[in-house]
Amino acid sequence: MRIAQISQLNYTMTRTGKKQQVTPVELRKKLGLTQREAAKKLGIRESTLSNWETGKVPHVPPSVIKKMMELYGCTLDELIEIFEGAPARTIS
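Caption draft 1: Spatial organisation of the nonpolar core. Among the nonpolar cores identified, the biggest contains 18 residues, and Ile44, Leu49, Trp52, Met68 and Tyr72 are the most heavily contacted of them. Counting only elements with at least two residues in this core, the list comes to α2 (35-42), α3 (46-53), α4 (62-72) and α5 (76-84). The dominant element in this core, judged by the number of residues it contributes, is α4, at 4 residues. Beyond its immediate chain neighbours, meaning those up to four positions away, Leu49 contacts Arg28, Gln35, Ala38, Ala39, Leu42, Ile44, Met68 and Tyr72.

Caption draft 2: Up close: α3. Three or more residues of α3 are buried, namely Thr48, Leu49, Trp52 and Glu53. One side of α3 holds all its buried residues, which, seen down the axis, span an arc of 135 degrees. With its phi angle positive at about 80 degrees, Gly55 sits one or two positions after the end of α3.

Caption draft 3: Expanded view of the packing of α4 against α5. At a minimum axis separation of 10 Å, α4 and α5 run at an interaxial angle of 95 degrees. Between α4 and α5, the interaxial angle falls into the category roughly perpendicular. Here Ile65, Met68, Met69 and Tyr72 of α4 lie close against α5, whose contacting residues are Leu76, Leu79 and Phe83. For the contact of α4 with α5, a count of residues per class yields 7 nonpolar, no polar and no charged.

Caption draft 4: Structural context of the packing of α2 against α4. One way to put it is that α2 packs onto α4 with a least axis distance of 9 Å and a crossing angle of 125 degrees. Taken together, α2 and α4 sit at an angle that is classed as oblique. Classified by chirality, the crossing of α4 by α2 is right-handed. Contacts between α2 and α4 involve Ala38, Lys41 and Leu42 from the first element and Val64, Lys67, Met68, Leu71 and Tyr72 from the second. In terms of residue class, the contact of α2 with α4 is built from 6 nonpolar, no polar and 2 charged.

Caption draft 5: How the structure looks around α5. Those residues of α5 that sit buried are Glu78, Leu79, Glu81 and Ile82. Seen end-on, α5 carries its buried residues on one side only, within an arc spanning 160 degrees. Remark: Gly85 follows α5 within two positions and exhibits a positive phi of approximately 70 degrees.

Caption draft 6: The arrangement of the pattern of salt bridges in detail. Under the definition given, this model contains 2 salt bridges. Taking the shortest distance from any N to any O, the salt bridge between Arg28 and Glu53 comes out at 2.6 Å. Placement of the pair is Arg28 in helix α1 (residues 24-30) and Glu53 in helix α3, with a sequence separation of 25 residues. Each member of the pair, Arg28 as well as Glu53, is classed as buried. The salt bridge involving Glu46 is made with Arg36; its shortest N-O contact spans 3.5 Å. Placement of the pair is Glu46 in helix α3 and Arg36 in helix α2, with a sequence separation of 10 residues. On the basis of relative accessibility, which here comes to 60%, the residue Arg36 falls in the exposed class.

What counts and how
Residues numbered from 1 in each chain as written. Predicted model: local features only at pLDDT ≥ 70, side-chain atom pairs only at ≥ 80, totals over all residues. Heavy atoms only, no water. Core = buried A, V, L, I, M, F, W, Y, C linked by side-chain atoms within 4.5 Å. Buried < 20%, exposed > 50% of the residue type's maximum accessible area, 1.4 Å probe, protein only. Helix = DSSP H or I, 4+ residues; strand = E, 2+ residues; numbered from the N terminus. Contact = heavy atoms within 4.5 Å. Arc of directions from axis to C-beta. Axes fitted to C-alpha atoms, helices over the stretch in contact; angles between N-to-C directions. Parallel < 35°, antiparallel > 145°, perpendicular 65-115°, else oblique. Nonpolar A, V, L, I, M, F, W, Y, C, P; charged D, E, K, R; others polar. Left-handed = near helix turned anticlockwise from the far one by under 90°. Salt bridge = Lys/Arg side-chain N within 4 Å of Asp/Glu carboxyl O.

Here it is as C-alpha coordinates:
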(Lines give C-alpha, C1' and ligand atoms only; values in the text may rest on other atoms or scores of the structure.)
Protein backbone atom coordinates (compact mmCIF):
# COMPACT_ATOMS: atom_id res chain seq x y z
CA MET A 1 0.00 0.00 0.00
CA ARG A 2 1.33 3.43 -0.87
CA ILE A 3 1.69 6.02 1.85
CA ALA A 4 -0.11 8.57 -0.33
CA GLN A 5 -3.23 6.40 -0.09
CA ILE A 6 -3.42 6.65 3.68
CA SER A 7 -5.72 9.69 3.67
CA GLN A 8 -8.32 7.43 2.08
CA LEU A 9 -7.97 4.98 4.98
CA ASN A 10 -9.07 7.19 7.86
CA TYR A 11 -12.44 5.53 7.88
CA THR A 12 -13.40 2.06 6.73
CA MET A 13 -16.84 0.75 6.00
CA THR A 14 -18.13 -2.01 8.24
CA ARG A 15 -20.34 -4.83 7.01
CA THR A 16 -23.37 -2.82 8.10
CA GLY A 17 -22.28 0.13 5.96
CA LYS A 18 -21.42 2.36 8.93
CA LYS A 19 -18.18 4.30 9.03
CA GLN A 20 -15.70 3.14 11.62
CA GLN A 21 -12.77 5.20 12.88
CA VAL A 22 -9.33 3.79 12.07
CA THR A 23 -7.08 3.62 15.13
CA PRO A 24 -3.41 4.64 15.15
CA VAL A 25 -2.44 0.95 15.33
CA GLU A 26 -4.62 0.08 12.33
CA LEU A 27 -3.19 3.03 10.41
CA ARG A 28 0.37 1.81 11.00
CA LYS A 29 -0.54 -1.78 10.16
CA LYS A 30 -2.33 -0.77 6.94
CA LEU A 31 0.99 0.68 5.84
CA GLY A 32 2.62 -2.66 6.64
CA LEU A 33 4.79 -1.19 9.39
CA THR A 34 5.69 -2.82 12.68
CA GLN A 35 6.00 -0.65 15.76
CA ARG A 36 9.75 -1.04 15.53
CA GLU A 37 9.84 0.11 11.88
CA ALA A 38 7.53 3.07 12.45
CA ALA A 39 9.41 4.13 15.59
CA LYS A 40 12.72 4.00 13.74
CA LYS A 41 11.35 6.11 10.89
CA LEU A 42 9.94 8.59 13.41
CA GLY A 43 13.19 8.70 15.38
CA ILE A 44 11.60 7.56 18.65
CA ARG A 45 11.71 4.48 20.89
CA GLU A 46 9.30 1.65 20.15
CA SER A 47 7.88 1.93 23.68
CA THR A 48 7.14 5.63 23.09
CA LEU A 49 5.16 4.83 19.95
CA SER A 50 3.30 2.10 21.82
CA ASN A 51 2.36 4.57 24.54
CA TRP A 52 1.14 7.10 21.97
CA GLU A 53 -0.90 4.48 20.13
CA THR A 54 -2.61 3.42 23.35
CA GLY A 55 -3.15 6.97 24.59
CA LYS A 56 -0.82 6.67 27.58
CA VAL A 57 1.31 9.67 26.62
CA PRO A 58 -0.61 12.87 25.84
CA HIS A 59 2.33 14.97 24.60
CA VAL A 60 3.91 14.39 21.22
CA PRO A 61 6.59 16.90 20.17
CA PRO A 62 5.61 18.95 17.08
CA SER A 63 8.68 17.73 15.18
CA VAL A 64 7.50 14.14 15.60
CA ILE A 65 3.95 15.08 14.60
CA LYS A 66 5.39 16.43 11.35
CA LYS A 67 7.32 13.18 10.81
CA MET A 68 4.15 11.17 11.48
CA MET A 69 2.23 13.20 8.90
CA GLU A 70 4.98 12.55 6.35
CA LEU A 71 5.31 8.86 7.21
CA TYR A 72 1.56 8.20 7.22
CA GLY A 73 0.83 10.55 4.31
CA CYS A 74 -1.98 12.39 6.06
CA THR A 75 -2.88 15.92 7.10
CA LEU A 76 -2.68 17.24 10.64
CA ASP A 77 -6.48 17.19 10.87
CA GLU A 78 -6.58 13.55 9.80
CA LEU A 79 -3.85 12.61 12.29
CA ILE A 80 -5.73 14.34 15.11
CA GLU A 81 -8.94 12.54 14.18
CA ILE A 82 -7.18 9.20 14.15
CA PHE A 83 -5.56 9.69 17.55
CA GLU A 84 -8.48 11.41 19.26
CA GLY A 85 -11.29 9.45 17.67
CA ALA A 86 -13.17 12.50 16.44
CA PRO A 87 -16.53 11.96 14.73
CA ALA A 88 -16.40 10.88 11.12
CA ARG A 89 -16.32 13.57 8.46
CA THR A 90 -15.95 13.61 4.71
CA ILE A 91 -12.34 13.49 3.60
CA SER A 92 -11.53 14.75 0.14
